[in-house]
Amino acid sequence: MHELEKLAECLGNRLLERGATVAVAESCTGGWVAQTLTAIAGSSAWFDRGFVTYSNAAKSDMLGVAETTLARHGAVSEATARAMAQGALEHSLADWTLAITGIAGPSGGSADKPVGTVCFAWASRDGGCEAQTRLFSGDRAAVREQSVRHALSGLLARIDAATEAA
């Protein structure tokens, strides 16, 4: 089993143990997180839905990301990632969401946001939304794979932390 599938299976088991579900909002990964999660047999018990919002219009239309957020911070920003994660909560039945938006390359980067810049957010119905930015190296495929891994690991860590805090 591929490393990402092992991570997805672990995440699915945690969600199943807690009777929780997840939805994902993806931009630069183009549905890779959703594909990884749904590759796990039985994932329909804990995977609610996925939003692939590659364009700014899709982020606004499908997730309710404010045009002012996109104009002020850009599509690749923690503010946009947070809005995507919160929008996924609002437009799904999920208990947890994760969002990814970034620049996978090979072009599209800038001095402020070079290729490999990826912003993540994780949100839950119980409150709270955390975001962070990472800079990954490698080609487009490598940046996207690292993004999927980081998003899944980040959600798993947050679910575990919420369980310990309860």
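Note: the structure precedes this text.
Residues numbered from 1 in each chain as written. Predicted model: local features only at pLDDT ≥ 70, side-chain atom pairs only at ≥ 80, totals over all residues. Heavy atoms only, no water.

A. Examining the overall build of the protein chain more closely. Each helix and strand counted, the protein chain has 6 helices and 5 strands in total. Starting at the N terminus and walking to the C terminus, you meet the elements of the protein chain as α-β-α-β-α-α-α-β-β-β-α. Computed over its C-alpha atoms, the radius of gyration of the protein chain comes to 15 Å, within 12% of the 15 Å expected for a compact globule of 166 residues. A principal-axis box enclosing the C-alpha atoms of the protein chain has dimensions of 45 × 35 × 25 Å. Each of the 166 residues in the protein chain was classed as buried or not, and the buried ones make up 49%. Looking at the protein chain alone, contacts between residues at least 24 apart form 64% of all its contacts between residues at least 6 apart. Looking at the protein chain as shown, the accessible area adds up to about 7,600 Å², and 50% of this sits on carbon and sulfur atoms. Here the protein chain contributes 14 positively and 18 negatively charged side chains, and the mean placements of these two sets differ by 3 Å. (Helix = DSSP H or I, 4+ residues; strand = E, 2+ residues; numbered from the N terminus. Rg over C-alpha atoms; globule rule 2.2 N^0.38 Å. Buried < 20%, exposed > 50% of the residue type's maximum accessible area, 1.4 Å probe, protein only. Contact = heavy atoms within 4.5 Å. Areas by Shrake-Rupley, 256 points an atom, 1.4 Å probe, with all protein chains shown as cover. Lys, Arg positive; Asp, Glu negative; His and termini not counted. Charge placed at Lys NZ, Arg CZ, Asp CG, Glu CD.)

B. Representation of the sheet that holds strand β4 (residues 117-124) within the structure. A sheet is described by the order of its strands in space; here 5 strands give the open sequence β2-β1-β3-β4-β5, paired in mixed fashion. Where the open sheet ends on each side, the last strands, each with one partner, are β2 (47-52) and β5 (129-135). Taken over all neighbouring pairs, the strand axes of this sheet differ in orientation by 15° on average, direction set aside. Examined bridge by bridge, strand β1 (residues 22-26) and strand β3 (residues 96-102) share 5 bridges and lie parallel to one another. By the bridge assignment for β3, Val-24 is matched with Leu-98. (Pairing = 2+ DSSP bridges. Axes fitted to C-alpha atoms, helices over the stretch in contact; angles between N-to-C directions.)

C. Summary view of the pairing of β5. Two strands pair when backbone bridges link them, and β4 and β5 are joined in this way by 7 bridges, in the antiparallel orientation. Looking at the pairing, Phe-120 lines up with Gln-132 of β5. Where β4 folds back onto β5 in an antiparallel hairpin, the turn is made up of 4 residues, including Gly-127, whose phi is positive at roughly 110°.

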